[in-house]
Amino acid sequence: MYEGAVQDLIDELGRLPGVGPKSAQRIAFHLLAADAADVGRLVASLQRVQAEVRFCSICFNVAEAEQCRICRDPRRSLDTICVVEEPKDVVAIERTREFRGRYHVLGGAISPIEGIGPDDLKVKELMSRLMDGSVTELIIATDPNLEGEATAAYLARLVSPMGLAVSRLASGLPVGGDLEYADEVTLGRAFEGRRRI
Amino acid sequence: MYVRHLQLGSFRSWEAVDLALTPGPTVLVGRNGQGKTNLVEAVGYLATLGSHRVSSDAPLVRHGAAQAVVRAALRKDDRELLVEVEINPGKANRVRVNRSPLPRPRELLGLVKTVLFAPEDLALVRGDPTERRRFLDDLLVSRTPRLAGVRADYERVLKQRNALLKTAKLARGNLATLEVWDGHLADLGGQLLAARLQLAADLDPFVTAAYEGVAGEGADRARLGYTSTVPLAGDGTAFLPGIGVPSAAELTAALARRVEERRKEEVDRGVTLVGPHRDDLVLHLGPVPAKGYASHGESWSFALAVKLACFALLRADGEEPVLVLDDVFAELDAGRRTALAEVAGTAEQCLITAAVAEDVPAALRGTRVQVAAGTATVLPAEVDGPVAAEEAGAHG
């Protein structure tokens, strides 16, 4: 145990995801030894995040204004919505530059163990976005794990009476990978989802 | 296959041990509490990533140590196979095969094949259904490694679904998402169930034959059955091999129907009542189930027959498993000892533990390893003339 302030810092850092006690200690001592200006910038950026970053009122992506950059962009088409779990998934899909529609960030996936049901996600908000009829296609891009699949199945069921085109991202082989390294489940899925060429 | 070399670090009572092994029978002798069973338990761990004695990994690590290491060199199909497992209780275990790390420990399953028979196996006959389900699933995974994923996913879905059912009791609105989990449950449960039924059907003739060998002529006929919470054939839920195994798709559909029928009950009780996690493998002896009806001796015979059947089945699959007999000869009478010795004598490698060497039939007393005071020493052969005594790592 260290003296008050240092230990407090270590404890706080240790609460961050992916940071264990050893890393927390290393970061804490790095900060102690760092330039006052560097630490000041870190403090300022933490405070700015607290003060300025909000969630977009339409898609619940992180935003610095009432609406996020994507929702404000008039060039993005209004008829397709891609549903993702987290804001970081938006960034991942944006990197592809393939998708020109808009997003909807659920804020997680259905997981009863963690006490997360549809009411804890932005599902109602998604439904009201779909109500006005301008959206014709829904792409569900939740994670390809049990919880993500469950969320996708739930959403698909929920919107099926609306007559939208609903699709789920394909799962299968990674591009540039070797067939022999794929696990059986992935390979099995790839077989199921094979395409004619 | 056989284990050529076994090395343990901070595993159970062993701080460090290094033991060279040979094909054929090897008897590990030593007084109680010296660590004989711990040695063979380590071999079993490589096959199942679990212990036959405890359900969690924590007791496997030597008191005071942070991690245990099991390292084994095996000969498999005339190739050298080096397997290393690092057991980190509470954290992810790490597995390396031929020095390259596996992305998931689970991928080791199916590579090393062992059949282990221990006094604990009496629970197969007399214990709870949990024991028999675990036995079936372990064997399934060993034969078809892909099912390890199905099994893990099924358990995860079950947890999620049970969590939901518990809350559903409070707030019925949540029931909307229940159907989603029903779909997962039926899909994975159907696959698991189909695989289990197929396995029961595959194993059944071997069990009958092995029981005949163990219990002698004129004994009741031993058979396997399976009772399921899912209706299998017609309206009955019992299953005896021979009527043909339904496909996974059929079972998924049957499971989904049954879940729907019992929805209200499940919501009231807050647990999943339908699915392979509530099923049982039934051991039939003549016209009655062995559990509750079989005598002590018959129960032993049945447990032994089931394990010998596993051995025969894996062998018929074309892979020779390592046979491990942990402290069982002392529990068996002369007739059963002979029956066991006959099979064990044909195994490519058979590891036997015994407190007294005389308990082990003479035919199996090939190589002897003395286990005492934290060391394991290969003794000169008893019967076949002089063999140079090989010091095998004496650390304490």
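Conventions and cut-offs
- Residues numbered from 1 in each chain as written.
- Chains lettered and ligands numbered in written order.
- Predicted model: local features only at pLDDT ≥ 70, side-chain atom pairs only at ≥ 80, totals over all residues.
- Heavy atoms only, no water.
- UniProt positions renumbered as here; feature names shortened; annotations may be inferred.
- Helix = DSSP H or I, 4+ residues; strand = E, 2+ residues; numbered from the N terminus.
- Domains from an automatic or database assignment.
- Contact = heavy atoms within 4.5 Å.
- Buried area = accessible area lost by both parts, 1.4 Å probe.
- Nonpolar A, V, L, I, M, F, W, Y, C, P; charged D, E, K, R; others polar.
- 1 Å grid on protein atoms, 1.4 Å probe; cavity = no way out; pocket = protein on both sides within 12 Å on 5 of 7 lines; lining within 4 Å.
- Points joined across faces, edges and corners; volume = space filled by probe spheres on them.
- Buried < 20%, exposed > 50% of the residue type's maximum accessible area, 1.4 Å probe, protein only.
- Polar contact = N/O pair within 3.5 Å; in protein donor to acceptor, adjacent residues only side chain to side chain.
- Phe/Tyr/Trp six-rings, centres within 6.5 Å; stacked < 30°, edge-to-face > 60°.
- Salt bridge = Lys/Arg side-chain N within 4 Å of Asp/Glu carboxyl O.
- Pairing = 2+ DSSP bridges.
- Axes fitted to C-alpha atoms, helices over the stretch in contact; angles between N-to-C directions.

### Section: the UniProt feature "zinc finger region: C4-type" (unreviewed entry) in chain A
Line of reasoning, step 1. The UniProt record annotates "zinc finger region: C4-type" (unreviewed entry) at residues 56–71 of chain A.
Line of reasoning, step 2. Here residues 56–71 of chain A is 19% helix and 12% strand, with 8 Å between the C-alpha atoms at its ends.

### Looking at the domain arrangement of chain B
All names here are of chain B.
Line of reasoning, step 1. Once the domains are mapped, chain B shows domain 1 (1–113 + 321–396) and domain 2 (123–318).
Line of reasoning, step 2. One C-alpha centre belongs to domain 1, the other to domain 2, and the line joining them spans 30 Å.
Line of reasoning, step 3. Listed as interface residues are 16 residues of domain 1 and, on the opposing side, 18 residues of domain 2.
Line of reasoning, step 4. Of the roughly 1,600 Å² buried where domain 1 meets domain 2, counting both sides, 72% is carbon and sulfur surface.
Line of reasoning, step 5. Per element, the largest residue contribution to the side of domain 1 that touches domain 2 is five residues, and it comes from helix 10 (residues 334–346).
Line of reasoning, step 6. The class makeup of the residues in the side of domain 1 that touches domain 2 is nine nonpolar, three polar and four charged.

### As for the layout of surface pockets
Line of reasoning, step 1. The calculated volume of the second largest pocket comes to roughly 680 Å³.
Line of reasoning, step 2. The wall of the second largest pocket is formed by 23 residues, among which Val-185, Thr-186 and Arg-189 of chain A together with Asp-153 and Leu-188 of chain B lie closest to the centre.
Line of reasoning, step 3. Of all the secondary-structure elements, those providing two or more residues to the lining of the second largest pocket are helix 7 (146–159) and helix 8 (184–192) of chain A together with helix 4 (147–170) and helix 5 (175–215) of chain B.
Line of reasoning, step 4. Element by element, the count of residues in the lining of the second largest pocket is highest for helix 8 of chain A, at six residues.
Line of reasoning, step 5. Here the residues of the lining of the second largest pocket are counted per class, giving five nonpolar, eight polar and 10 charged.

### Quick look at the UniProt feature "domain: Toprim" (unreviewed entry) in chain A
Line of reasoning, step 1. Sites flagged by UniProt as "domain: Toprim" (unreviewed entry) map to residues 79–174 of chain A.
Line of reasoning, step 2. The annotated region residues 79–174 of chain A carries 34% helix and 18% strand content, and the separation between its end C-alpha atoms amounts to 29 Å.

### Details of empty space enclosed by the protein
Residue and element names in this part refer to chain B.
Line of reasoning, step 1. Applying the stated criterion across every chain yields a total of one cavity of 30 Å³ or more.
Line of reasoning, step 2. Considering only enclosed or pocket space, the largest cavity measures out at about 30 Å³ in volume.
Line of reasoning, step 3. Residue lining of the largest cavity: Leu-6, Leu-19, Leu-21, Leu-28, Leu-39, Val-40, Val-43 and Leu-351, and that is the complete set.
Line of reasoning, step 4. Sort the elements by how many residues they give to the lining of the largest cavity and helix 1 (residues 36–48) lands first, with three residues.
Line of reasoning, step 5. Here the residues of the lining of the largest cavity are counted per class, giving eight nonpolar, no polar and no charged.

### What to know about the side chain of Thr-375 of chain B
Residue and element names in this part refer to chain B.
Line of reasoning, step 1. Looking at where Thr-375 falls in the secondary structure, it is placed in strand 16 (residues 375–379).
Line of reasoning, step 2. Among the residues examined, Thr-375 registers a relative accessible area of 19% and is labelled buried.
Line of reasoning, step 3. Of note is the side chain of Thr-375, whose polar atom sits 2.9 Å from the backbone oxygen of Ala-372.

### Regarding the domain arrangement of chain A
Line of reasoning, step 1. Looking at chain A, the domain boundaries give domain 1 (4–52) and domain 2 (75–196).
Line of reasoning, step 2. Here the C-alpha centre of domain 2 of chain A lies 35 Å away from the C-alpha centre of domain 1 of chain A.

### A few points about the UniProt feature "binding site: ATP" (unreviewed entry) in chain B
Residues and elements named next belong to chain B.
Line of reasoning, step 1. UniProt annotation of "binding site: ATP" (unreviewed entry) refers to Gly-30, Arg-31, Asn-32, Gly-33, Gln-34, Gly-35, Lys-36 and Thr-37 when read in the numbering used here.
Line of reasoning, step 2. Mapped onto the fold, Gln-34 is located in the loop between strand 3 (24–29) and helix 1.
Line of reasoning, step 3. The class for Gln-34 is buried, based on a relative accessible area of 17%.
Line of reasoning, step 4. Setting aside residues up to four positions removed in sequence, Gln-34 forms contacts with Ser-13, Trp-14, Val-371, Ala-372 and Ala-373.
Line of reasoning, step 5. Leaving out residues up to four positions away in the same chain, Lys-36 has contacts with Leu-28, Val-29, Gly-30, Arg-31, Thr-353, Ala-354, Ala-355 and Val-371.

### Considerations on the side chain of Glu-266 of chain B
All names here are of chain B.
Line of reasoning, step 1. Tracing the backbone through its elements, the reader meets Glu-266 in helix 7 (residues 263–269).
Line of reasoning, step 2. From its side chain, Glu-266 meets the backbone nitrogen of Leu-273 in a polar contact 2.6 Å long.
Line of reasoning, step 3. With near-sequence residues (within four places) excluded, Glu-266 lies in contact with Arg-161, Leu-165, Val-259, Val-271, Thr-272, Leu-273 and Val-274.

### Re the packing of aromatic side chains
Line of reasoning, step 1. On inspection of all chains with the given rule, the structure shows three aromatic pairs over all chains.
Line of reasoning, step 2. For the pair Phe-99 of chain A and Tyr-103 of chain A, a centre-to-centre distance of 5.2 Å together with 65° between the ring planes defines the contact as edge-to-face.
Line of reasoning, step 3. Geometrically, the ring pair formed by Phe-117 of chain B and Trp-300 of chain B is edge-to-face, given 6.0 Å between the ring centres and 90° between the ring planes. You can see Phe-117 of chain B sitting in strand 8 (residues 114–117) and its partner Trp-300 of chain B sitting in helix 9 (residues 296–316), a full 183 residues away along the chain.
Line of reasoning, step 4. On the basis of relative accessible area, Phe-117 of chain B is assigned to the buried category, the value being 1%.

### Regarding the environment of Ala-153 of chain A
Line of reasoning, step 1. Summarising the element assignment, Ala-153 of chain A is placed in helix 7.
Line of reasoning, step 2. Sequence-wise, Ala-153 of chain A and Asp-143 of chain A are 10 residues apart; in three dimensions their C-alpha atoms are separated by 12 Å.

### Remarks on the pattern of salt bridges
Residues and elements named next belong to chain B.
Line of reasoning, step 1. Applying the stated criterion across every chain, the model contains 40 salt bridges over all chains.
Line of reasoning, step 2. Here Arg-94 and Glu-86 are joined by a salt bridge, their closest N and O atoms 3.1 Å apart.
Line of reasoning, step 3. When the shortest N-O distance is used, the salt bridge between Arg-336 and Asp-333 registers 2.8 Å.
Line of reasoning, step 4. Note on Asp-333: relative accessible area 38%, which makes it partly exposed.
Line of reasoning, step 5. Each of Asp-137, Asp-138, Arg-151 and Arg-196 takes part in a single network of salt bridges with overlapping partners.

### Focus: the sheet that holds strand 4 (residues 68–76) of chain B
Residues and elements named next belong to chain B.
Line of reasoning, step 1. If you walk across this open sheet you meet the six strands as 2-1-4-5-6-7, and the pairing is antiparallel. This sheet does not close on itself; its edge strands, each paired only once, are strand 2 (14–20) and strand 7 (100–101).
Line of reasoning, step 2. Along the sheet face, helix 1 touches strand 1 (2–11), strand 2, strand 4 and strand 5 (79–87) and points at about 110° away from the line of strand 1.

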